[in-house]
Amino acid sequence: MITWISFIVLVIIAACSGSKEEGTATLKGREISAETYTVKAKTVPIFRSFPGTVEAKAEIVLSSKVSGYVTKVAVKEGDRVTPGTILLTIDDRQIRQQIAALKEAREAILKERQAILARLNYAKSNFERFKRLFKEEAATKEELERAQAEYLALKRQAQALERKERETVSRIKATESLLPYTQIKSPTEALVARRLVDQGSFVNVGQPLIYLDDLKAGFWLVAEIDESLLPFVSPDKEVVVTIPSLNKNLKAPVEVVVDHVSPQTRTFRIKVNLPIPIQAGLFARVYVPLEPRQALVVPQSAIFKRGDLTAVYVVGEDRTIRLRLVKTGQTFSLISGELLPYSNSGGNDLYVEILSGLNEGEKVIVGDLEKIKEGDVLGR
């Protein structure tokens, strides 16, 4: 193990000696085999980054269409549900009691109407008989009018009871149609974002019960962007999105640009389409690309850190390995052959920008750096 003092001494010697003087070392170490990387300039992006939040494209609010107590809650916040999943149940006893009462009322109306119809049939026959008698001058006008009045009165009663029976049937159907609403179901594949009631809660008509994020509709990243970038951001423009909590780093198109600049923050809003399954509320960061530039980069596995010092192991022309102090810049993630900004540490495809300490064409050791010692010789 290299002590702190010897490490600092080696760094100073390495920094002063330079690449041309590396071959003058007199100490020779053990011969080792190791993977190397030739330092080269690569095109790296220039981005401006802004914080954002993942939001559902479609939020579904399920409200109550009936009043009553919640008898069962079947889901909790964060659950994923499928179409038709019962989320909660509202007590339906009052509705069923109303239906039973309406059916009893209809039966009573039907009985009364049957009795009226029987009387109406007799009154009609009697009225027809008096009309014949009146024509034959066997009945007086007063008798005819009395028979007609009785017939018409019973006819109106029968018609009124018929209307009342139809209204009652309609009320029964309307009340029965409320029964399905006592079971609150998911209309689509969704995530339970918020649940506003618990078992035993009393709910009123129109009261919001559950908020769902529609998973089929997808998600987007919403961010506030500096007004200076308004000419450079348009729908379908690709930006880079990082989601630290999921260790995700991806390219995605801008879907919406709200080109209204807030006078308070001097920013405008964009919405970036996220092509991956995710959940609302997560913190994310959006990187808006500017003009690219050239920079020296090495794999992160070539970087050796101890305390505040950052170094690499450089392979000299004589194949001797020496420690070299370097200054690093941004970290990039290699995705599909392209370097993109990276917000997290760690990873297998990360590259680090070298601001000073290395020249293009030099070779550095990558991987298993804890096994390397100053003065080791790279085997052929």
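Each remark here, short or long, concerns the structure printed above.
Every chain is numbered on its own, with residues counted from 1 as its sequence reads. Given that the model is predicted, a residue must reach a pLDDT of at least 70 before its local features are reported, and side-chain atom pairs must reach 80 or more before they are shown or counted; all residues, however, enter totals for whole chains, interfaces and linings. To get the side-chain values, take all heavy atoms of the structure and skip hydrogens and water.

Novice: Could you give an account of the packing of aromatic side chains, naming the residues involved and the relevant values?
Specialist: The geometry of an aromatic ring pair comes down to the distance between the two centres and the angle between the two planes. Centres within 6.5 Å are what make two rings of Phe, Tyr or Trp a pair, Trp counting through its six-membered ring; a difference in plane orientation under 30 degrees is then read as stacked, over 60 as edge-to-face, and the rest as tilted. The full count for this structure, using the stated rule, is five aromatic pairs. Measuring from centroid to centroid gives 5.5 Å for Phe304 and Tyr313, while their planes differ by 55°, and the two rings are tilted. Here Phe304 matches Tyr313 in class, with each residue buried. Cation placement over rings: the criterion is NZ of Lys or CZ of Arg within 6 Å of the ring centroid and within 35° of the ring normal. Sitting over the face of the ring of Phe130, Arg129 holds its NZ or CZ atom 4.8 Å from the ring centroid. Remark: exposure states derive from per-residue accessible area (1.4 Å probe, protein chains only) relative to the maximum for the residue type, with buried under 20%, exposed over 50%, and partly exposed in between.

Novice: Talk me through the packing of helix H2 (residues 93-135) against helix H3 (residues 141-176); I want residue IDs and the actual numbers.
Specialist: Only C-alpha atoms enter the line fits that serve as axes; for helices the fit covers just the stretch in contact. Angles between N-to-C directions range over 0 to 180 degrees. Only DSSP runs of H or I reaching four residues or more are called helices, and only runs of E reaching two or more are called strands; each is numbered from the N terminus. Packing of H2 against H3 brings their axes to within 7 Å, and their N-to-C directions diverge by 160°. Considering their axes alone, H2 and H3 lie roughly antiparallel with respect to each other. The handedness of the crossing between H2 and H3 is left-handed. Residue polarity is assigned by list, with Asp, Glu, Lys and Arg as charged and Ala, Val, Leu, Ile, Met, Phe, Trp, Tyr, Cys and Pro as nonpolar; anything else, Gly included, falls into the polar class. In terms of residue class, the contact of H2 with H3 is made up of 20 nonpolar, six polar and 16 charged. An angle below 35 degrees is read as roughly parallel, one above 145 as roughly antiparallel, one from 65 to 115 as roughly perpendicular, and any other as oblique. For any pair of crossing helices, the crossing counts as left-handed if the nearer helix is rotated counterclockwise from the farther one by less than a right angle, and right-handed if it is rotated clockwise.

Novice: Could you give an account of the pairing of strand S22 (residues 327-335), with specific residues and numbers?
Specialist: Pairs of strands are assigned from DSSP output, requiring at least two bridges between the strands. The sheet contact formed by S22 and strand S24 (residues 350-356) spans five bridges and is antiparallel. From the neighbouring strand, Ser333 faces S24, where its bridge partner is Leu350. In this sheet, strand S23 (residues 338-341) lies alongside S22 in antiparallel orientation, the contact comprising four bridges. Following the sheet pairing, Ile335 is matched in S23 by Glu338.

Novice: Describe unusual backbone geometry, and please don't skip the residues or the numbers.
Specialist: Positive phi values are uncommon outside glycine, yet Asp236 reaches one of about 80°. Structurally, Asp236 can be placed in the loop between strand S13 (219-226) and strand S14 (238-243). Taking relative accessible area as the criterion, Asp236 reaches 64% and is therefore assigned exposed. Even without being a glycine, Asp368 presents a positive backbone phi close to 50°. Residue Asp368 is classed as partly exposed on the basis of its relative accessible area of 49%.

Novice: Kindly report on the sheet that holds S23, identifying the contributing residues and their values.
Specialist: If you trace the five strands from one edge of the open sheet to the other, you get S3-S18-S24-S22-S23, paired in antiparallel fashion. The sheet is open, and its two edges are formed by strand S3 (40-44) and S23, each paired on a single side. For this sheet the average axis-to-axis angle between neighbouring strands, irrespective of direction, equals 55°. Bridge analysis of strand S18 (residues 293-299) against S24 gives four bridges, and the strand direction is antiparallel. Counterpart to Leu296 in the pairing with S24 is Ile354.

Novice: Got a sec to walk through the pattern of salt bridges? Specific residues and values, please.
Specialist: A side-chain nitrogen of Lys or Arg and a carboxyl oxygen of Asp or Glu constitute a salt bridge if their distance falls within 4 Å. Considering all chains together, one arrives at 17 salt bridges under this definition. With its nearest N and O atoms 3.2 Å apart, the salt bridge here joins Arg30 to Asp376. In this pair, Arg30 sits in the loop between helix H1 (4-17) and strand S1 (31-32) while Asp376 sits in the loop between strand S25 (363-366) and strand S26 (377-378), placing the two residues 346 residues apart along the sequence. Using a relative accessible area of 42% as the deciding quantity, one classes Arg30 as partly exposed. Using a relative accessible area of 3% as the deciding quantity, one classes Asp376 as buried. Across the pair Arg293 and Glu353 runs a salt bridge, and its minimum N-O distance is 2.8 Å.

Novice: Can you break down the nonpolar core residue by residue, with the values?
Specialist: Core analysis: the largest hydrophobic core is formed by 26 residues, its most contacted members being Ile225, Val241, Ile270, Val272 and Val286. Every element with two or more residues in this core is listed here: strand S4 (47-56), S13, S14, strand S15 (248-258), strand S16 (267-274) and strand S17 (283-289). Excluding anything up to four places from it in sequence, Val241 contacts Leu221, Lys248, Asn249, Leu250, Val272, Leu274, Ala284 and Arg285. The nonpolar core is taken to be a set of buried Ala, Val, Leu, Ile, Met, Phe, Trp, Tyr and Cys residues, with the residues joined through side-chain atoms within 4.5 Å. Contacts are residue-level and defined by heavy atoms, with any inter-residue pair within 4.5 Å sufficient.

Novice: So what about the sheet that holds strand S7 (residues 80-81)? Which residues, and what values?
Specialist: Pairing between sheet strands relies on hydrogen bonds along the backbone, with the strands arranged either parallel or antiparallel. The sheet built from four strands is open, its strands ordered S5-S12-S10-S7 with antiparallel pairing. Two strands lie at the open edges of the sheet, namely strand S5 (59-63) and S7, each paired on one side alone. In this structure, strand S10 (residues 190-195) lies alongside strand S12 (residues 208-214), joined through five bridges in antiparallel fashion. Each bridged residue has a counterpart across the sheet, and for Val192 the counterpart in S12 is Leu212.

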